[in-house]
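Read off the chains here:
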Amino acid sequence: MLPKVPLLLALSTGLAWGQAKPVVLKAARLWDGKGDAALKEGMVILQNGRITAVGSGLPVPSGAEVMDLGNATLLPGLIDAHTHLLLQDLEAKDLNRQDELIFRPIYAQGTPLRTLVGAANAKAMLEAGFTTVRDLGNSGLNGDLALRDGIRMGLVPGPRIVASSRALAPLGGQFSRLTREARTLEGQEYAEVASPEEALKATREAFADGADCIKVIVDARLSLGLAELKAIVGEAHRMHRKVAAHAVSDAAVDAALEAGVDSLEHGYHLKEAQAKVMAQRHIFLVPTDFSSQTLEPFSPTPEDRADVQKALEGNRRRLLTAKRLGVPIALGSDAYFTWGGRSRGESAKDVFRAFVESGLTPVETLRAATRDAAELLGLAGEVGTLAPGAVADVMAVEGDPLVDVAALSQVRLVLQGGRVVARRLPAP
């Protein structure tokens, strides 16, 4: 197990705005991010950006400001462990069109404009209740690092960001149908490596740029070899940083696991034997699934609908296998578009519906987006739970998300580091 990273802990405490007096949050229910059930008549007491007490029937400190939220549920701020805030497909008409038609126009926008797009998406994520995210590249030339630092400095609102900078990738990057002109733009997205020496250098360059973690594309048109992966993981772990591996094919998953990555992103075809290895080595699975509700508009023909149904069934098998074998799971949306008039934050919440459709319970899904995601990001005990000493990242939603995750879209209140960043009146 890697030790906590001081830099990441600084991200947690750097956004903790102080209060001159205690604040007491009260609601009909409270879920602390750990247990299986909500506490009735819950209370959270916070001061100076940190939680000081959690429970029911607690004494109210003298001079405290009391916020009674009524028929709501208090829970930890949400964590999205797989985001791309600076990647925005404005049309999103075909989820399988991951080629030049989507990515060349985005690349051509340039990092400054994309950073502004990222700032808008970051604000939407925060207002939806995501107080922490891990941004895994596709952010132009270190645009995610600039956005992270801007949020940390208070220049723009957004979740605290654990950022990877450019993903390390095999030659050709991640997408295979790009023209030579588009390939010149792709260099802003990926650090391409073709040997263990180049992999080691690219890893060090990412940390020199300020990356908090490493994202590696194991398989695309070409694939990275085991030697390159071991060089990346070895250097990252020497620096007490974690490695997230995009891996889909069996060979890519096997190589990623043998190299000792910290999380497997996607893993759509995960086999039982591979899941057993992940459970033994405590390697996280970050499924990035869409719900049937979201995929339906992208399936106009019977053939499309059959393909979607096959994908949904595969996702369900993979997720239930991971659950049965004890693989740690962290929630990641991989959202790079919005739809139906929803913000990026509400679009990202589709993954909650997808997890429940696949057979996880609401509380298991919520833990994947709070306590367990915090562990993956190296922030366990700081965020992801409501407990004395933790950063005061708290949200309140109408209803009970432990019964129906759709309640997560009825946001009443979001606090980040004890500061109110979103507040809405209850529905009449």
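The preceding data block contains the structure.
What you are looking at is a predicted structure, and each value in this text was computed from that prediction instead of being measured. The residue count restarts for each chain, going from 1 along the sequence in the order it is written. Per-residue local features are limited, in this predicted model, to residues with pLDDT of at least 70; the limit for side-chain atom pairs, both in listing and counting, is 80 or more; totals at the level of whole chains, interfaces and linings are taken over all residues. The side-chain numbers reported here are obtained from all heavy atoms of the structure, hydrogens and water having been left aside.

Trainee: How do you make sense of the overall build of the protein when you look at a structure like this?
Mentor: The helix count covers DSSP runs of H or I at least four residues long, the strand count covers runs of E at least two residues long, and both are numbered beginning at the N terminus. Counting secondary structure elements, the protein contains 15 helices and 17 strands. Remark: exposure states derive from per-residue accessible area (1.4 Å probe, protein chains only) relative to the maximum for the residue type, with buried under 20%, exposed over 50%, and partly exposed in between. Relative to its full complement of 428 residues, the protein shows a buried share of 58%. Intrachain contacts of the protein at a sequence separation of at least 6 include 71% that bridge at least 24 residues. Surface accessibility of the protein: about 16,600 Å² in total, with carbon and sulfur atoms responsible for 54%. The contact criterion used is simple: two residues touch if any of their non-hydrogen atoms lie within 4.5 Å. Note on areas: Shrake-Rupley, 1.4 Å probe, and residue coverage restricted to the protein chains presented here.

Trainee: Looking at this model, I keep getting lost on helix α6 (residues 196-209). Mind explaining?
Mentor: Helical geometry: 3.6 residues make up each α-helical turn, so side chains three or four residues apart lie on a common side. Helix span is expected to be 1.5 Å times the residue number reduced by one. Its 14 residues give α6 an end-to-end C-alpha distance of 20 Å, which sits within 8% of 20 Å, the value for a rise of 1.5 Å per residue. Downstream of α6 by one or two residues, G210 has phi in the positive range, about 115°.

Trainee: I would appreciate a short explanation of helix α7 (residues 226-238) in the present structure.
Mentor: In this model, α7 (13 residues) spans 18 Å end to end at C-alpha, consistent with the 18 Å of a helix rising 1.5 Å per residue. Residues of α7 that are buried: E228, L229, A231, I232, V233, E235 and A236. On the buried face of α7, the contacting elements are β9 (167-169), α6, β11 (214-217), β12 (243-247) and α8 (250-259). Looking one or two residues past α7, H240 carries a phi angle of roughly 60°, positive in sign.

Trainee: Would you mind showing me how to read the side chain of Q174 here?
Mentor: On the secondary structure map, Q174 appears in the loop between β9 and α5 (180-186). Exposure remark for Q174: the relative accessible area of 15% places this residue in the buried category. N or O atoms closer than or at 3.5 Å make up a polar contact, with two conditions inside protein: a donor-capable atom paired with an acceptor-capable one, and, for residues adjacent in sequence, both atoms drawn from side chains. Polar side-chain contacts of Q174 include one of 2.7 Å to the side chain of Y190.

Trainee: Looking at this model, I keep getting lost on the packing of aromatic side chains. Mind explaining?
Mentor: We describe a pair of aromatic rings using the distance from one ring centre to the other and the angle between the two ring planes. Each Phe, Tyr or Trp ring (for Trp, its six-membered ring) is paired with any other whose centre lies within 6.5 Å, and the angle between the two planes then decides the class: stacked below 30 degrees, edge-to-face above 60, tilted in between. Under the criterion given, the structure shown has 1 aromatic pair. Geometrically, the ring pair formed by F130 and F352 is tilted, given 6.5 Å between the ring centres and 45° between the ring planes. With F130 in strand β7 (residues 130-135) and F352 in helix α13 (residues 350-357), this residue pair connects regions lying 222 residues apart in the sequence. Accessibility assignment for this pair places F130 and F352 in one class, buried.

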